[in-house]
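Residue-level structural notes
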Amino acid sequence: MLAKRGKLEFPWADTPPPGEAREVAPGLFWARLPLPFRLNHVNVWLLEEDDGWTVIDTGCATPEIIAAWEALLAGPMRGRPVRRVVATHGHVDHIGLSGWMVSRFDADYVGTFAEWMWARVSHMHDVPGSNDAHHYYLVRNGFDDAVAQKLVKSRHRFINLSSPIPGWITEIRDGETVRLGGRSWRVIVTRGHAFEHASFLDEEANILIAGDHLLPKITPVIAVYEMMPKADPLGDYLESFPSFSDVRPDALVLPSHDTPYYGISERILELREHHDKRLAATVEFLRTPRVPLDLSKSMFPHIEGPDNMGFALGETLAHVNHLVRLGAVADVSAGSGTALYQALR
Ligand SMILES: [Zn+2]
């Protein structure tokens, strides 16, 4: 893994326009869908089958993405049916239209159990107790009550970006081999960005479909969420890298954001270095005790608005919780209602 340092290479300078698909390997097509976020696109992968198509990820439920799918289905997919919808993980920009597509084609829905379950729960309105847990988490970490209430309500915006999550699933697990598009793919399940994120490795063709786990330009979101406030997703993420040790350094990596790239070993080193720096900075900021939201403002000085601060808090807590597990930081709130952390060395 610790190969000599090189640069990432991007074999395609431009991206397929909405409704068009580019063949990146025989029978494996890249399509790009417009997202209604600052991160304004997501890549999906189309694999040609004898009897139709397998689709890996779907984008979220917006009129623009539905229009892009209609153009793909009528154009490059030649009106042939989608037989299988595969989810890399349960985030809304990946699975938001899976229910729509599964019911339209009576397709099989394939993914990991935890991501399917998480998507089902997190895309339902008013799951008993979840709003209270979210509010408690926000207030405990430094938001005032009114802002916390607003943030809890704004969650519904994301729920509305998903069609109903399919009611049943064909489960895939780490280490299994699945046949998609006439190729054998080894499933690599990792934690950190999501609970059971699936990547797919075609060893013969030397291609990795990497989802959000190993993005080339932006750092995958590694965040603590209200349903598991003491989790250590950053530890999970850093420990996930050996899962890719069988991927050859010259593999073509197909990520969900930005463009396909070569240089997986280099990218893993960069991601590790990024988090090492953020961990060191977190320790420095915690030389004096801080409430997590204040620490977030120091860690993300350019972020504005409560929604973005909510995301920044999740990422800040990922670093804090990892340092707590390493014994470098402690919760010194001493039973008060607001969390307070301090570096121990
Ligand atoms: Zn994601």
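Looking at an unreviewed UniProt entry, one finds the chain named Glyoxylase, beta-lactamase superfamily II and attributed to Mesorhizobium australicum.

The rolling of a water-molecule-sized probe over the atoms marks out the regions of remaining empty space. Taken as a whole, the second largest pocket holds about 330 Å³ of empty space. When contributions to the lining of the second largest pocket are tallied by element, the ones reaching two or more residues are α5 (130-140) and α10 (306-326).

Looking now at the side chain of S98. With respect to the helices and strands, S98 occurs in helix α3 (residues 98-105). If near-sequence neighbours (up to four positions away) are discounted, S98 is found in contact with T58, V85, Y109, S163 and P166.

What follows deals with the packing of aromatic side chains. Two aromatic rings are characterised by how far apart their centres lie and by the angle between their planes. If you walk through the whole model with that rule in mind, you get seven aromatic pairs. Ring plane angle 70° and centroid distance 5.7 Å describe the contact between F29 and W53, whose orientation is recorded as edge-to-face. Of this pair, F29 sits in strand β2 (residues 28-34) while W53 sits in strand β4 (residues 52-56), placing them 24 residues apart in sequence. On the numbers, 5.1 Å between centres and 75° between planes, the contact of Y237 with F241 is edge-to-face. With respect to class, Y237 is no different from F241; both count as buried. An aromatic cluster is defined as three or more aromatic residues linked by ring pairs; in this entry it consists of W12, W30 and W45. Over the ring of F10 we find K217, and its NZ or CZ is 4.7 Å from the ring centre. In this arrangement the basic side chain of R278 is found over the ring face of F300, its NZ or CZ atom lying 4.8 Å from the centre.

What follows is about the environment of P229. Structurally, the position occupied by P229 is in the loop between β11 (207-211) and α7 (233-240). Using a relative accessible area of 42% as the deciding quantity, one classes P229 as partly exposed. Here the alpha-carbon distance between P229 and Y137, two residues 92 residues apart in the chain, equals 7.3 Å. Excluding residues that lie within four positions of it along the chain, P229 makes contacts with Y137, V224 and N321.

Within the element layout of this structure, S122 appears in helix α4 (residues 113-122). Overall, the relative accessible area of 14% leaves S122 in the buried class. In terms of polar contacts, S122 uses its side chain to reach the backbone carbonyl oxygen of W118, at 2.7 Å. Dropping the residues within four chain positions of it, S122 is found in contact with R155 and I159.

A word on the coordination of the zinc ion. Taken together, the protein ligands of the zinc ion are H89 (NE2), H91 (ND1), H193 (NE2) and D212 (OD), with distances of 2.1 to 2.2 Å. What the four donor atoms of the zinc ion show is an angle range of 92 to 168° at the metal, which sorts the shape as irregular. Under the relative-accessibility criterion, H89 is labelled buried at 0%. In this structure H193 comes out as buried when scored by relative accessible area, which is 7%.

Let us look at unusual backbone geometry. Generally, phi is negative for residues other than glycine and the peptide bonds are trans, each holding for most cases. In this structure, N206 takes a positive phi of about 65° despite not being glycine. Tracing the chain through its elements places N206 in the loop between β10 (197-202) and β11. One non-glycine residue with positive phi stands out, namely D258, at about 65°. Tracing the chain through its elements places D258 in the loop between β12 (252-255) and β13 (261-262). Judged by its relative accessible area of 18%, D258 is buried.

Taken in spatial order, the six strands of this open sheet run β8-β9-β10-β11-β12-β13, and their pairing is mixed. Sheet topology places β8 (177-180) and β13 at the edges, where each strand pairs with a single neighbour. Two strands pair when backbone bridges link them, and β11 and β12 are joined in this way by four bridges, in the parallel orientation. Within the sheet, the bridge partner assigned to G211 lies in β12 and is P255.

In the UniProt entry, the feature "domain: Metallo-beta-lactamase" (unreviewed entry) is given for residues 41-257. The span residues 41-257 shows a helical share of 31% and a strand share of 24%, and its end C-alpha atoms are spaced 7 Å apart.

Proximity of charged atoms lets side chains of opposite charge pair with each other. Within this structure, the stated rule accounts for 17 salt bridges. Here E171 and R173 are joined by a salt bridge, their closest N and O atoms 3.3 Å apart. The salt bridge partner of R248 is D250, with a shortest N-O separation of 4.0 Å. Overall, R248 belongs to the partly exposed group, its relative accessible area being 42%. A network of salt bridges, in which partner residues are shared, links E48, R78 and R80.

Conventions used here
Note that residues are indexed from 1 along each chain, following the sequence as it is written. The model is predicted, so local features are restricted to residues of pLDDT at least 70 and side-chain atom pairs to those at 80 or more, both for listing and for counting; the totals for chains, interfaces and linings are taken over all residues. Side-chain metrics in this entry use all non-hydrogen atoms of the structure; hydrogen atoms and water are not considered. In this analysis the probe radius is 1.4 Å and the grid spacing 1 Å, with only protein atoms considered; a cavity is a set of points the probe fits into but cannot get out of, a pocket is an open set with protein on both sides within 12 Å along at least five of seven lines, and lining residues have an atom within 4 Å of a point. Grid points are joined across faces, edges and corners, and a volume is the space filled by probe spheres set on the points. Put simply, DSSP marks the helices as runs of H or I at least four residues long and the strands as runs of E at least two long, and each gets a number from the N terminus on. Pairs of residues are marked as contacts when any of their non-hydrogen atoms sit within 4.5 Å. Each Phe, Tyr or Trp ring (for Trp, its six-membered ring) is paired with any other whose centre lies within 6.5 Å, and the angle between the two planes then decides the class: stacked below 30 degrees, edge-to-face above 60, tilted in between. Burial here depends on accessible area, computed with a 1.4 Å probe over protein chains only, as a share of the maximum for the residue type. Under 20% is buried, over 50% is exposed, and the range in between is partly exposed. Note on geometry: a ring has a charge over it if NZ (lysine) or CZ (arginine) is within 6 Å of the ring centre and within 35 degrees of the ring normal. Definition of a polar contact: a pair of N or O atoms within 3.5 Å, with one able to donate and the other able to accept a hydrogen when the atoms are protein atoms, and with sequence-neighbouring residues admitted only if both atoms are side-chain atoms. Coordinating N, O and S atoms are those within 2.8 Å of the metal (3.2 Å for Na, K and Ca), and as water is not part of the atoms, a site may appear to have fewer donors than expected. Any site counts as irregular unless it has four donors with all angles between 85 and 135 degrees, making it tetrahedral, or four or six donors with opposite ones more than 155 degrees apart and the rest between 65 and 115, making it square planar or octahedral. Any two strands are treated as partners once DSSP identifies two or more bridges connecting them. UniProt positions are given in the numbering used here, feature names are shortened, and annotations may be inferred rather than shown by experiment. By convention in these notes, a salt bridge is any Lys or Arg side-chain nitrogen within 4 Å of a carboxyl oxygen on Asp or Glu.

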